[in-house]
Amino acid sequence: MRKLAYLPLFLAVCAFAADKLSAPQLIDLAKSNNPALRQAIESSFTAKDLQEGTAWAGHGPDFFFAVQSTAEPSLSIDTSPDNTSGGMPMKHLPGSDLWYATEFIEPLGRLHSFHYIVNGKSFGGRLDLPAFGPLSYLQPDIPSGTLSPKLIHTSKIYDGMKSEYWTYVPAQYDPKVPAALMVFQDGEGYGKRDGDHPVLDVIDNLIALKKIPVMICVFINPGDISDSPGTPTYNFVKGYSDKWHRTLKDSMRSTLYDTVSDRYARFLRDEILADVEAKYNIRKDAYSRAITGLSSGGICSFNAAWQMPDQFSRVLTWIGSFTSIQWQERPDIHDGGQDYPEKVLREPKRNIRVWLQDGANDMENDRYGSWPLANIRMANALKLKDYDFHFSFGKGTHNAGQGAAEFPEEMMWLWRDYDPAKTSQTYEMEPSEKSRPLFRVSIANRTAE
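Residues numbered from 1 in each chain as written. Predicted model: local features only at pLDDT ≥ 70, side-chain atom pairs only at ≥ 80, totals over all residues. Heavy atoms only, no water.

1. Things to note about the side chain of Gln 402
Link 1 in the chain: Its location among the elements puts Gln 402 in helix H13 (residues 401-405).
Link 2 in the chain: Non-local contacts of Gln 402, meaning those with residues more than four positions away in its chain, are made with Leu 111, Gln 357, Asp 358, Ser 392, Phe 393, Gly 394, Lys 395 and Glu 410. (Helix = DSSP H or I, 4+ residues; strand = E, 2+ residues; numbered from the N terminus. Contact = heavy atoms within 4.5 Å.)

2. Some thoughts on helix H6 (residues 199-208)
Link 1 in the chain: Judged by how many residues are buried, H6 sits mostly within the fold: 9 of 10 residues are covered.
Link 2 in the chain: Within H6 the residues assigned to the buried category are Val 199, Leu 200, Asp 201, Val 202, Ile 203, Asp 204, Asn 205, Leu 206 and Ile 207.
Link 3 in the chain: On its buried face, H6 is in contact with strand S11 (162-169), strand S12 (180-185), helix H5 (187-190), strand S13 (215-220) and helix H14 (407-414).
Link 4 in the chain: One or two positions beyond H6, positive phi appears at Lys 210, with a value near 60 degrees. (Buried < 20%, exposed > 50% of the residue type's maximum accessible area, 1.4 Å probe, protein only.)

3. Topic: the state of the cysteines
Link 1 in the chain: Applying the stated rule across the entire model yields 0 disulfides.
Link 2 in the chain: Not part of a disulfide, Cys 217 finds its nearest cysteine sulfur in Cys 300, a span of 16 Å.
Link 3 in the chain: Judged by relative accessible area, Cys 217 falls into the buried class, the value being 0%. (Disulfide = S-S within 2.5 Å.)

4. Focus on the sheet that holds strand S8 (residues 121-131)
Link 1 in the chain: If you walk across this open sheet you meet the 4 strands as S4-S3-S7-S8, and the pairing is antiparallel. The open sheet is flanked by strand S4 (88-89) and S8, the only strands paired with a single partner.
Link 2 in the chain: Bridge count between strand S3 (residues 73-77) and S4: 2 bridges; the pairing is antiparallel. Considered in S4, the bridge of Ser 74 is made with Pro 89. (Pairing = 2+ DSSP bridges.)

5. Quick word on the packing of aromatic side chains
Link 1 in the chain: As enumerated under the stated definition, the model contains 24 aromatic pairs in all.
Link 2 in the chain: Relative to Trp 318, the ring of Tyr 190 has its centre 5.6 Å away and its plane inclined at 45 degrees; by these criteria the two rings are tilted. One end of the pair, Tyr 190, is in helix H5; the other, Trp 318, is in strand S15 (residues 314-318), with 128 residues separating them in the sequence. For the pair Tyr 190 and Trp 318, one class covers both residues: buried.
Link 3 in the chain: Among the aromatic side chains, those forming a connected cluster through ring pairs are Trp 56, Phe 63, Phe 65, Phe 114 and Tyr 116.
Link 4 in the chain: The positively charged end of Arg 353 is found above the aromatic ring belonging to Trp 413, 5.8 Å away from the centroid.
Link 5 in the chain: The ring of Trp 413 is capped by Arg 416, whose NZ or CZ atom sits 4.6 Å from the centre of that ring. (Phe/Tyr/Trp six-rings, centres within 6.5 Å; stacked < 30°, edge-to-face > 60°. Lys NZ or Arg CZ within 6 Å of the ring centre and 35° of its normal.)

6. Focus on unusual backbone geometry
Link 1 in the chain: Cis rather than trans, the peptide bond between Glu 106 and Pro 107 has omega equal to 0 degrees.
Link 2 in the chain: Positionally, Pro 107 belongs in the loop between strand S6 (98-104) and strand S7 (110-118).
Link 3 in the chain: Notably, Asp 159 is not glycine yet its phi reads approximately 55 degrees, a positive angle.
Link 4 in the chain: If you trace the backbone, Asp 159 turns up in the loop between strand S10 (151-154) and S11.
Link 5 in the chain: In this model, Asp 417 sits at a positive phi of 55 degrees, which is unusual for a non-glycine residue.

And the structure:
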């Protein structure tokens with residue numbers, strides 16, 4: 001009878017552990033030596049991540065790490081992967097080859113890294129370990145906005161391309177008062193509360209704290225041209241797809257995002273935003289409009305503001321692809337993304353404010369070039385021409401971790417000194433940036449000679 005009394009508790013623990021758990025839940029199981037911890041680890045992480053040493057979960061400064069290893073591993077935080085000395089001990093799960101550790105990591109709002117040391121050698125780990133600060137989690141008594149159902153738009157500018165998008169309306173929106181606007185490329189990933197980019201919680205918090213204005217957000221995915229065969233857009237995208245062995249959908253994304261022209265900006269202005277403005281009271285001044293994206297979506301956002309600074313004056317790019325992806329793919333478009341530093345230097349100055357983010361371990365390839373060097377060139381060009389810009393350069397890879405961790409800071413910087421009574425502002429470089437030198441590089445991954 002006594003054993004039966006424990007049965008409901010045992011079943012509840014097993015059911016709890018069968019789901020993917022959050023970092024706080026895993027940490028609670030670990031601290032209580034709960035026998036369900038092993039099942040919880042195996043349910044929360046893929047076998048591949050456990051075997052390769054890339055499994056982790058975090059919430060604020062609290063992190064949980066797990067790894068599969070036949071030898072005892074130690075955990076190293078924020079040291080070079082070449083560092084194989086020391087490391088923090090890990091706990092072993094009896095009857096398995098699983099090891100785990102809980103760690104408190106600061107500072108918050110920053111990117112960190114980890115790796116393991118096994119038999120004196122570095123193993124596994126990640127360079128992209130974001131530690132989210134409190135503003136990345138919805139704070140108590142902060143109201144949430146409303147994300148629309150998925151909307152579909154069929155384009156004329158892109159010959160029948162179909163685009164999915166969502167609108168986000170904050171709780172403070174008043175139809176009688178024109179709202180600011182922000183457009184997110186690759187939007188679906190940004191619009192998930194449980195996703196890797198906790199954008200909605202940040203926006204809710206910052207609007208309630210009056211750190212940013214009340215704004216309507218548009219989360220738009222790259223379009224799909226597959227239902228419009230034979231059109232000029234389809235023929236170009238299909239040819240590009242065949243040439244570079246990319247999928248039709250991926251090739252459409254590149255055509256939209258990586259092409260240096262005003263076509264995508266016109267598509268936003270004349271089609272998507274025209275539809276949104278028919279439903280919501282949105283400000284028309286560029287002073288009240290921002291645009292953002294990551295990777296190709298990053299250059300896309302800069303390009304839209306560059307081409308139409310009367311539509312967007314605030315730009316945020318993560319790991320932006322200022323590289324030659326669409327260079328010389330069309331005979332009538334001569335510039336590629338790699339030309340933007342020179343365009344910044346040689347063309348008339350635009351009244352835009354720009355936050356760039358990239359990492360030293362971002363991509364390098366033999367087709368398009370170097371993402372880190374491209375972003376450094378962009379930052380120096382913006383500085384040389386006295387743009388109001390900020391460059392956040394870390395150690396991460398082609399990953400959204402750093403940009404997402406810094407998102408509250410990025411938004412407050414991007415919208416700093418916003419005055420709803422104004423419709424324009426001449427952006428000026430911050431005094432703190434003016435006093436700093438240009439960015440210089442050093443070779444860190446080769447033996448010095």
